[in-house]
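One letter stands for each residue in the lines below.
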Amino acid sequence: MKLESHLPKQSPWLYTVPLLNTILLLLVYFLLTSNFVVQSGIKVEQPQSNSRLTGFDRAHIITVPAGMENALYFDGVRLITAELREKLKANREGERRVIIHAAKQATHGRVTEIGNIALELGYEVAYSTVPPKA
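Computed from a prediction, not measured in an experiment: that's the story for all the values here.

(A) Summary view of the overall build of the protein chain. Looking only at helices and strands, the protein chain has three helices and five strands in total. The linear arrangement of helices and strands in the protein chain, starting from the amino end, is α-β-β-β-α-β-α-β. Residue burial in the protein chain is summarised as follows: out of 134 residues, 27% are buried. Accessible area of the protein chain: about 10,100 Å², with a carbon and sulfur share of 59%.

(B) Seen up close, a nonpolar patch on the surface. The grouping of Leu24, Leu27, Val28, Leu31 and Leu32 at the surface amounts to a nonpolar patch, some 470 Å² of accessible area in total. Judged by relative accessible area, which is 40%, valine 28 ranks as partly exposed.

(C) Fine view of unusual backbone geometry. Even without glycine at this site, aspartate 75 takes up a positive phi of about 50°. As for its placement among the helices and strands, aspartate 75 is situated in the loop between strand E2 (71-74) and strand E3 (77-80). Residue classification places aspartate 75 among the partly exposed residues on the basis of a relative accessible area of 41%.

(D) The arrangement of helix H2 (residues 81-90) in detail. Within H2 the residues assigned to the buried category are Thr81, Leu84 and Leu88. Seen along its axis, H2 keeps its buried residues to an arc of 30°; they face one direction. Opposite the buried face of H2, by more than 90 degrees, sit the exposed residues Ala82 and Ala90. Considering only its buried residues, H2 is in contact with strand E1 (60-64), E2, E3, strand E4 (97-102) and helix H3 (108-120).

(E) Structural context of the packing of aromatic side chains. Under the criterion given, the structure shown has one aromatic pair. Ring plane angle 70° and centroid distance 5.2 Å describe the contact between tyrosine 29 and phenylalanine 30, whose orientation is recorded as edge-to-face. The ring of tyrosine 123 carries the charged tip of arginine 96 above its face, separated from the ring centre by 4.5 Å.

(F) Representation of the nonpolar core within the structure. Counting 18 residues, the largest nonpolar core has Ile62, Val64, Leu84, Leu88, Val98, Ile100 and Ile114 as the members making the most contacts within it. By residue number, the principal contributor to this core is H3, which donates four residues. In this structure, isoleucine 62 is in contact with Leu72, Tyr73, Phe74, Leu84, Val98, Ile99, Ile100, His101 and Ile114, ignoring residues within four places of it in sequence.

(G) Up close: the sheet that holds strand E5 (residues 124-127). Spatially, five strands are ordered E3-E2-E1-E4-E5 in an open sheet, and the strand pairing comes out mixed. One side of each edge strand has no neighbouring strand; the edge strands of this open sheet are E3 and E5. On average, each strand axis in the sheet is inclined to that of its neighbour by 30°, with strand direction left out of account. As judged from the two bridges shared by E1 and E2, these two strands associate in the antiparallel manner. Residue isoleucine 62 lies in a different strand from E2, and its bridge partner there is phenylalanine 74.

(H) Expanded view of the confidence of the model for the protein chain. Scored by pLDDT, the protein chain comes out at a mean of 81, with 84% of its residues at no less than 70. The secondary structure element of the protein chain with the lowest average pLDDT is helix H1 (residues 13-33), at 85, and the one with the highest is H3, at 91.

(I) Layout of the pairing of E4. A large share of E4 lies buried, amounting to five of its six residues. The pairing of E1 with E4 spans five bridges and is parallel. Bridge pairing links isoleucine 61 to isoleucine 99 in E4. Looking at chain direction, E4 and E5 are connected through four bridges and run parallel. Paired with isoleucine 99 across the two strands is alanine 126, which belongs to E5.

What counts and what doesn't
- Residues numbered from 1 in each chain as written.
- Predicted model: local features only at pLDDT ≥ 70, side-chain atom pairs only at ≥ 80, totals over all residues.
- Heavy atoms only, no water.
- Helix = DSSP H or I, 4+ residues; strand = E, 2+ residues; numbered from the N terminus.
- Buried < 20%, exposed > 50% of the residue type's maximum accessible area, 1.4 Å probe, protein only.
- Areas by Shrake-Rupley, 256 points an atom, 1.4 Å probe, with all protein chains shown as cover.
- Patch = residues over 30% accessible without salt bridge, like charges linked within 9 Å, V, L, I, M, F, W, Y side chains within 5 Å.
- Salt bridge = Lys/Arg side-chain N within 4 Å of Asp/Glu carboxyl O.
- Arc of directions from axis to C-beta.
- Contact = heavy atoms within 4.5 Å.
- Phe/Tyr/Trp six-rings, centres within 6.5 Å; stacked < 30°, edge-to-face > 60°.
- Lys NZ or Arg CZ within 6 Å of the ring centre and 35° of its normal.
- Core = buried A, V, L, I, M, F, W, Y, C linked by side-chain atoms within 4.5 Å.
- Pairing = 2+ DSSP bridges.
- Axes fitted to C-alpha atoms, helices over the stretch in contact; angles between N-to-C directions.
- pLDDT = per-residue confidence, 0-100.

Below, the structure written as C-alpha cells:
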C-alpha cells in the first residue's frame, strides 16, 4: 500500500532561506570577532611569538615603553612605577587580568618587575607579542 500526502508541495526556497540566514550570521560573526584584538593606545615594537592566548579581551593594559626608566602606561594613562601599585589596588573590583605590552627594547628586569607587581596583587598576567612575519 502506497501512502500519499494530500498536503500542497512546499517551495524549496522555504528551506534554503533559514540556511542562508544561518550562514550569513556565522560569516558576520567570524569576520567581526577576528578583529577584536586588544590594543593599547601606545605604539611599541613587540617581540614575536607563535603563542596565542584567549580570555584577556577585557584585561587592563600596561604598556612599558623602551628608554623611559620609570614611565609606563596603565590603560593609556601615563604613570610611574610607584603609582602602578596604587592603581591596581584601586581596580580590584573589576577585571583581575593584565596584559603587559612591552617594547622589544625594554629591559627584561623592568618588564619582570611590572609583572611581579601585578602578580603580588592577585592579577593574572599575560605578555603581549606579535605573530612572526611569514
